[in-house]
Amino acid sequence: MSSSNSILLTGATGYVGGTNLNFDLLVRAQAAADKLRSILGDRVNPILWPGGLGDPESIIKIASNYDLIINVGSGFIPSGSQAFVSGLAQRAASNPSGPIPWLLNIAGCTNLGDKPLTQISHPDRKFDDADGNAVNEWLRSADEREPYPQRTTEVGVLTAAEATGGAVHAVSLNTPLIFGAGTGLFNQQGIIIPTLMRYVVTHGYGFKLNESANFDWVHVEDLADLYVLLVKTILEREDRGVGYIPSNKNGIIFPAVARVLQTESMQRCLDAAFDAGVLPRQNTPKDKEIRLVGLKEIADEITFGLMDMAEQGWAGNKAQKGTVARKLLGWNPTRLEEAWRKDFGKRGVTMESCIGHK
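**Points about the overall build of the protein chain**
Counting its secondary structure elements, the protein chain contains 13 helices and 14 strands. In the protein chain, which comprises 358 residues, the proportion classed as buried is 53%. Of the contacts made within the protein chain by residues no fewer than 6 positions apart, 75% connect residues no fewer than 24 positions apart. Total accessible area on the protein chain is roughly 15000 Å²; 50% of this is exposed by carbon and sulfur atoms.

**Structural notes on the pattern of salt bridges**
For the coordinates displayed, the defined rule picks out 17 salt bridges. Between Asp239 and Arg237 there is a salt bridge, and its shortest N-O distance comes to 2.9 Å. Of the residues examined, Arg237 reaches a relative accessible area of 31% and is grouped as partly exposed. Within this structure, Glu221, Asp222, Asp225 and Arg335 form a network of salt bridges that share partners.

**Examining the nonpolar core**
One finds Leu177, Phe207, Ile298, Trp314 and Trp340 to be the most contacted residues of the largest nonpolar core, which totals 34 residues. If you list the elements that add at least two residues to this core, you get strand E8 (177-179), helix H6 (192-203), strand E10 (214-219), helix H8 (262-275), helix H9 (295-302) and helix H10 (307-314). Not counting residues within four places of it along the chain, the set of residues in contact with Ile298 comprises Tyr199, Phe207, Leu209, Val293, Thr303 and Trp314.

**Here's the deal with the pairing of strand E5 (residues 102-108)**
Taken across its 7 residues, E5 has 7 buried, putting it largely inside the fold. Burial of the side chains of E5 extends over both faces: Trp102, Leu104, Ile106 and Gly108 are buried on one face and Leu103, Asn105 and Ala107 on the other. Between strand E4 (residues 68-71) and its parallel partner E5, the chain crosses via helix H3 (residues 78-94), and the hand of that crossover is right-handed.

**Side note on the sheet that holds E8**
In a beta sheet, neighbouring strands are held together by backbone hydrogen bonds and run either parallel or antiparallel to one another. In spatial order, the strands read E8-E10-E12; together these 3 strands make up an open sheet with mixed pairing. Each edge of the sheet is formed by a strand with only one pairing partner; in this case those strands are E8 and strand E12 (258-261). The average undirected angle you get between the axes of adjacent strands in this sheet is 40°. The pairing of E10 with E12 spans 4 bridges and is antiparallel. Directly across from Phe215, in E12, lies its bridge partner Val260. Contacts from helix H7 (residues 220-236) reach E8 and E10 within the one sheet, and its direction differs from that of E10 by about 70°.

**Concerning the side chain of Ser265**
Turning to its location among the elements, Ser265 is positioned in helix H8. The contact partners of Ser265, leaving out residues within four places of it in the chain, are Leu196, Val260, Trp340 and Phe344.

**Describing the packing of H6 against H8**
Where H6 contacts H8, the two axes come as close as 9 Å, and the packing angle between them is 55°. By the angle class used here, H6 and H8 are oblique. Where H6 crosses over H8, the handedness of that crossing is right-handed. Listed contacts from H8 to Ile193, Leu196, Met197 and Val200 of H6 are Gln262, Ser265, Met266, Cys269, Leu270, Ala272 and Ala273.

**Some remarks on H9**
Those residues of H9 lying buried are Leu295, Ile298, Ala299 and Ile302. Seen from one end, H9 has its buried residues packed into an arc of 100°, which puts them on one side. Where the residues of H9 are buried, they touch H6, strand E9 (206-208) and H10. Just downstream of H9 lies Phe304, where phi reads positive at about 55°.

**Quick notes on helix H5 (residues 149-162)**
Counted at 1.5 Å a residue, the expected span for H5 with its 14 residues is 20 Å, and the 20 Å between its end C-alpha atoms agrees. Along H5, the residues that are buried comprise Gln150, Arg151, Thr153, Glu154, Val155, Gly156, Val157, Leu158 and Ala161. Looking at the buried side of H5, the elements it contacts are H3, E5, helix H4 (132-145), strand E7 (169-175), strand E11 (252-253) and H10.

**A word on the environment of Asn250**
Turning to its location among the elements, Asn250 is positioned in the loop between H7 and E11. Separated by 115 residues in sequence, Asn250 and Val135 place their C-alpha atoms 8.2 Å apart. Each residue touching Asn250, except ones within four places of it in the same chain, is listed here: Gly132 and Asn133.

**Focus: the packing of aromatic side chains**
Applying the stated criterion across every chain, the model contains 10 aromatic pairs. Here the aromatic rings of Phe76 and Tyr148 are separated by 6.1 Å at their centres, their planes lie at 80°, and the arrangement is edge-to-face. Of this pair, Phe76 sits in the loop between E4 and H3 while Tyr148 is found in the loop between H4 and H5, placing the two residues 72 residues apart along the sequence. The buried category is assigned to Tyr148, whose relative accessible area is 1%. With a centroid separation of 5.6 Å and an interplanar angle of 70°, the aromatic rings of Phe207 and Trp314 are classed as edge-to-face. Note that Phe207 is positioned in strand E9 and Trp314 in helix H10, a separation of 107 residues in sequence. The exposure class of Trp314 is buried, given its relative accessible area of 5%. When the ring centre of Tyr244 is taken as origin, the NZ or CZ atom of Arg237, which lies over that ring, is 3.9 Å away.

About the criteria used
Residues numbered from 1 in each chain as written. Predicted model: local features only at pLDDT ≥ 70, side-chain atom pairs only at ≥ 80, totals over all residues. Heavy atoms only, no water. Helix = DSSP H or I, 4+ residues; strand = E, 2+ residues; numbered from the N terminus. Buried < 20%, exposed > 50% of the residue type's maximum accessible area, 1.4 Å probe, protein only. Contact = heavy atoms within 4.5 Å. Areas by Shrake-Rupley, 256 points an atom, 1.4 Å probe, with all protein chains shown as cover. Salt bridge = Lys/Arg side-chain N within 4 Å of Asp/Glu carboxyl O. Core = buried A, V, L, I, M, F, W, Y, C linked by side-chain atoms within 4.5 Å. Right-handed = clockwise from strand over helix to strand, strands pointing away. Pairing = 2+ DSSP bridges. Axes fitted to C-alpha atoms, helices over the stretch in contact; angles between N-to-C directions. Parallel < 35°, antiparallel > 145°, perpendicular 65-115°, else oblique. Left-handed = near helix turned anticlockwise from the far one by under 90°. Arc of directions from axis to C-beta. Expected span 1.5 Å × (residues − 1). Phe/Tyr/Trp six-rings, centres within 6.5 Å; stacked < 30°, edge-to-face > 60°. Lys NZ or Arg CZ within 6 Å of the ring centre and 35° of its normal.

So this is what it looks like as C-alpha cells:
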C-alpha cells in the first residue's frame, strides 16, 4: 500500500471484482490469498478479512487506511457497505491535506423494479442516470415504504457520504444483468443467465411470471473497463473528479448497454439446451415451452423464499438509460449483441456451466 492514492478492492474472488485485479484486495480465506499471490505476484496484496461485510468495526479500521475503495462485494449488507464511508471519513479527518477519499460501490437493477403482480405495474417507466438525484430520491422514497436490503444499502451509502459534507465522495454503479465469462481466478459466472439456464435444464421448460419483465445488460469486461475509467479519472484529474463524477446524492451511474425481455432470454436458454441435445429428456416436454408459474414457486426455488426479490427481479420493469458513463468518461462498451448471443450458445460458458444439472 502506498502512502497516497492507496486503493482497496473488495469482492476479489467474485465475478466482477475478479475481472479487474490490480489493487490491495480483501479476501476471506487464506487459500484465496495464497492463490492470488502465487498467480498474480506483486500485482496484488491480499488482506485477510474473515468477518467480511458482517464486521463493520473491522471494515472501518481497514478503510481508514485508503483513499479509494472499490466495493464490488455483496450489495445486500447495509451496515457493512456504510462502514466503508465511515472508514474513509476517518481517513479524511486524519489526513486533511491528503487526497479526497472515494467509494465506488456496486448495486443492482432490482432496486428499481416495480411489483406488477401485487401492486401497480409501471411498464413504461424508465430511469435515467442523467438526473442521479431524481433516481436517488426515488430509491430513498421506495425504500422508506418497503425496505429492500440491496436498495437500503445503495441509499445508505450515498446518504452516509452526503452527510460527510464533502469529506467523502461515493458513487453507486447500479448494474443491470451482467453476462459473459469473467477473467478472475475464482468465480467466472454471472447470476441471471446461469439461473435461467439451470431452471431450463432442470425442468425441461422455461418460466415466466408475466410478459413484460425485462433486464438491461452489460458484459462483465465492459463493466470492469468502466471501473478502470472511474479510477483513472479520480487519480488523474486535479480535482479528483469532485464535481465532475456524480457523487453522493447525485451519485448514480447505470452501466446499461441494451435491454431484453426476460422471455427472450428464456427462449435463448431453451434454444441452447435443445441445440446441445441436453433437452428434451424423458418426462420433459418435447417442444420448447415457457410456462406461466406462480410467484411463490419462483421465490422458493430461486430467491431463497424472498417474495420481493422474486417479483422485482423476475416480474418487474427495471428499464435503465445510462448516459453518464459515456458522456463524462468516454465509456465505449464493445461486447455487444454478438457477445450476448454467444453467451447462450451450445459451446458458450453459460451452457457449459449447466450441463451437469441435467
